[in-house]
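Residue-level listing of the chains:
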Amino acid sequence: MGDMVKRDAPAGPEPNRVDKGRRRFLWVTGGLGLAWLGLSAYPVYRYIAPRPVPDPFGKEGRAAVKKVSPADVAARGAGANGSYGQRGCIVFRTPQGELKAFDSKCTHAGCNVNFAGDSISCHCHGGIYDFDGKNVSGPPPRPLTPLKVFEENGVLYVAPSDQGKEV
Amino acid sequence: MDDSRRKPDSDGPVGSTEGTPAAVDIPDSRFAEIPPDAEKVLPPADSVAGKASRAFLRRVPIWPVIEFLSHKKVPRHKHSFWYTLGSMGLFFLIVQIVTGVLLMIYYSPSQPWSSVQRIVMEIPFGGLIRSIHHWSANLMLLALFVHLFSTFFMKAYRPPRELTWLTGLALLGTTMFLGFSGYLLPWDDLSFFATRVGISEIEKTPLLGTWVAGLVRGGPDVTVDTIGRFYPLHVVVLPLLLLGILGIHLFFVQVQGVSEPDSFRALTPEKKRYHRFFSEYLVNEIPIWMALTALLVALSALFPRVLAPEADPGAAAPEGIKPEWYFMVPFQMLKLFPGSLEFLGMALTGLIPLLFLVVPFVDRTVPADRRGRVVARLGVGFLAFLAGMTAWGILS
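Below or above, wherever it landed, is the structure these notes cover. (Residues numbered from 1 in each chain as written. Chains lettered and ligands numbered in written order. Predicted model: local features only at pLDDT ≥ 70, side-chain atom pairs only at ≥ 80, totals over all residues. Heavy atoms only, no water.)

Let's talk about the interface of chain A and chain B
Put simply, the rule is: Whether two residues touch is decided by their heavy atoms; if any such pair falls within 4.5 Å, the residues are in contact. Accessible area that two parts lose when put together, with a 1.4 Å probe and added across both, is what the buried area reports. The rule for a salt bridge is simple: a side-chain nitrogen of Lys or Arg has to be within 4 Å of a carboxyl oxygen of Asp or Glu. Each helix is a run of H or I in the DSSP string that is no shorter than four residues. Each strand is a run of E no shorter than two, and both are numbered from the N terminus.
Facing the 30 residues of chain A at the interface are 30 residues of chain B. Taking both partners together, chain A and chain B bury about 2200 Å²; carbon and sulfur atoms supply 54% of that area. Taken as a group, Asn112(A), His123(A) and His125(A) account for 26% of the area that chain A buries against chain B, more than any other trio of residues on that side. Our enumeration of links across chain A and chain B arrives at one salt bridge. With its nearest N and O atoms 2.6 Å apart, the salt bridge here joins Asp312(B) to Lys67(A). Secondary-structure elements contributing two or more residues to the side of chain A that touches chain B are helix 2 (14–48), strand 2 (79–84) and strand 3 (87–93) of chain A.

Encoded structure:
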């Protein structure tokens, strides 16, 4: 049908009108095509978009520390790597006797730092932190994230440090 | 030929009257003629092979393509060896596809570590096939890097071959992504932290970094959900992409012919010697491919790929953790540019592929002029830089 219109209108004002009509048709088709692609892409995007992760501290605002017991941090200078929720942490008692905890995710490239008794270091790119979690050597740009830590019924718990008053 | 014209008639159902009489005249235009050149080389028309090949060419008239390929030739000179690097890469790709499909039989993305452990510990030859997949991946990247630098130093990227060069770079990039995505799948502590570091660098890219990183990981951290993304990427999306780009790359090479270095181009026509690609050159590749098979088996037997302890997202990163050698340059840059300088280090690393991309648009003259010689010298320095950083990373 389109071919016939083209061939039957060779001269005069007619082609102009045909061109306009064709242009509008192309715009509408293009618009519909984009809408079709967009409508198809939206559910696909939602399907592959990252899923929200549950708050590691949950409703109670605290999380039990796994793999580290109060006995492991009883002595001054003792400590270990543990985990809470899906995350890693280090819990230790400073030489001065203070119990401390940090999220173990290195602020540089995301490896988990290692508590080695005398230092906190990252095996990936050689970052070193002091017992206040402050980055003192190597590539890390920021201090470790501090956590509030306490013992209850023989279990260690961590909570966000800025919330941490009484549980 | 007359025989063929009558064929549809004689093959037609016996006694079917409707349609057949009219169809008798049509077949002539439906089937292509066999070109006289083809008649000279095809098997005798009365043999089975002769009948089959003629029947095929009548239906799919691709004789010009076959003839074009039969004239394909490869220059013979003292640097000819380097032409084989691309075919080595292709060989390793075939090994990757075969061993990859075999690994998929027992690999399970919902039990990544234990299913790989089963492949290694229980399945006959499982450890060998996994090790070959590992070694072939490494050698494929090595072959591609050598291919890249040999085409660079032979200046094969100059017009009209810019697009061949660019598709080659795309192939190298896709292969590196295949290496990165496959590395996570065994879910041991090496692969876990390597992926965490790799994606955290993507995350630091300005503008879209955070969004892309979340999309790739499936959340704010690397979890088993990340395998759900990397597995289909590694076994479907990236291989399809690779094969598609490879098809274009090889098509360009076929159409343009093999690049001749300036020294060969300067020879008089009588002094130029060539191999015919079919089959002179191809047959010479077979012993190389056999030697590579032996090399893969030997490396896999002597240095089998270890399966490190299962990833524990809470535990400290293992001591002495390092990426594969082909990611050693960004690894070193991460260590060398601390704190707020890190962005500078990553920006410099990001410049490396860009330098390769612009080469065919900077150095265009045949034979090489002063600028061409400067580019070659810069290339030597750049290769020394990459090799030095890689060696430093491996030894540190």
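A closer look at the state of the cysteines
All names here are of chain A. As a reminder of what qualifies: Disulfides are defined as cysteine sulfur pairs within 2.5 Å. Each residue's exposure class comes from its accessible area (1.4 Å probe, protein chains only) as a fraction of the maximum for that residue type: buried when under 20%, exposed when over 50%, partly exposed otherwise.
All chains considered together, the criterion is met by one disulfide over all chains. Left without a disulfide partner, Cys-89 is nearest to the cysteine sulfur of Cys-106, which lies 16 Å away. We classify Cys-89 as buried; its relative accessible area is 0%. Cys-122 takes part in no disulfide bond, and the closest cysteine sulfur to it belongs to Cys-106, at a distance of 4.0 Å.

Comments concerning helix 9 (residues 126–153) of chain B
Convention followed: In this analysis, the expected span of each helix is defined as 1.5 Å times one less than the number of residues it contains.
Between its first and last C-alpha atoms helix 9 of chain B spans 40 Å; for 28 residues at 1.5 Å apiece the expected length is 40 Å, and the two agree. The positive-phi residue at the C-terminal boundary of helix 9 of chain B is Lys155(B), with phi of around 60 degrees.

Regarding helix 13 (residues 224–256) of chain B
All names here are of chain B. Which entries qualify depends on this criterion: Axes are fitted to the seven residues ending at a residue and to the seven starting at it; the angle between these axes is taken as the bend at that residue. Throughout this description, a polar contact denotes any pair of N or O atoms lying within 3.5 Å of each other; where both atoms belong to protein, one of them has to be capable of donating a hydrogen while the other can accept it, and for residues adjacent in sequence the pair is counted only when both atoms sit in side chains.
For helix 13, which comprises 33 residues, the first-to-last C-alpha distance of 46 Å matches the rise-based estimate of 48 Å (1.5 Å per residue) to within 8%. At Leu-233, helix 13 is bent by approximately 45 degrees, the largest bend along its length. Buried residues of helix 13: Thr-226, Ile-227, Arg-229, Phe-230, Tyr-231, His-234, Leu-238, Leu-242, Ile-245, Leu-246 and His-249, and no others. Where helix 13 begins, one side-chain oxygen reaches toward the backbone nitrogen of Asp-225, 3.1 Å away; that side chain belongs to Thr-223. Just downstream of helix 13 lies Gly-257, where phi reads positive at about 80 degrees.

Quick look at the environment of Tyr45(A)
Along the polypeptide, Tyr45(A) turns up in helix 2. Counting along the chain gives 91 residues from Tyr45(A) to Val136(A), while the straight-line C-alpha distance between them is 42 Å. Setting aside residues no more than four positions away along its own chain, Tyr45(A) makes contact with Trp211(B) and Leu215(B).

Brief notes about the pairing of strand 10 (residues 155–160) of chain A
Residue and element names in this part refer to chain A. Heads up, the condition is: Whether two strands pair depends on DSSP finding at least two bridges between them.
Within strand 10, five of the six residues are buried, leaving the element largely enclosed by the surrounding structure. As defined by bridge partners, strand 1 (residues 63–64) adjoins strand 10 across two bridges and the pair is classed as antiparallel. Across the sheet, the residue bridging to Ala-64 is Tyr-157, located in strand 10. Between strand 9 (residues 146–152) and strand 10, which pair antiparallel in sequence order, lie two residues; one of them, Asn-153, sits at a positive phi of approximately 50 degrees.

Digging into the sheet that holds strand 4 (residues 99–103) of chain A
Residues and elements named next belong to chain A. Strand order in this open sheet of six strands is 1-10-9-4-3-2, and the pairing throughout is antiparallel. Strands at the two margins of the open sheet, each flanked by one partner only, are strand 1 and strand 2. Alignment of strand 2 against strand 3, held across six bridges, turns out to be antiparallel. Paired with Ser-83 across the two strands is Gly-88, which belongs to strand 3.

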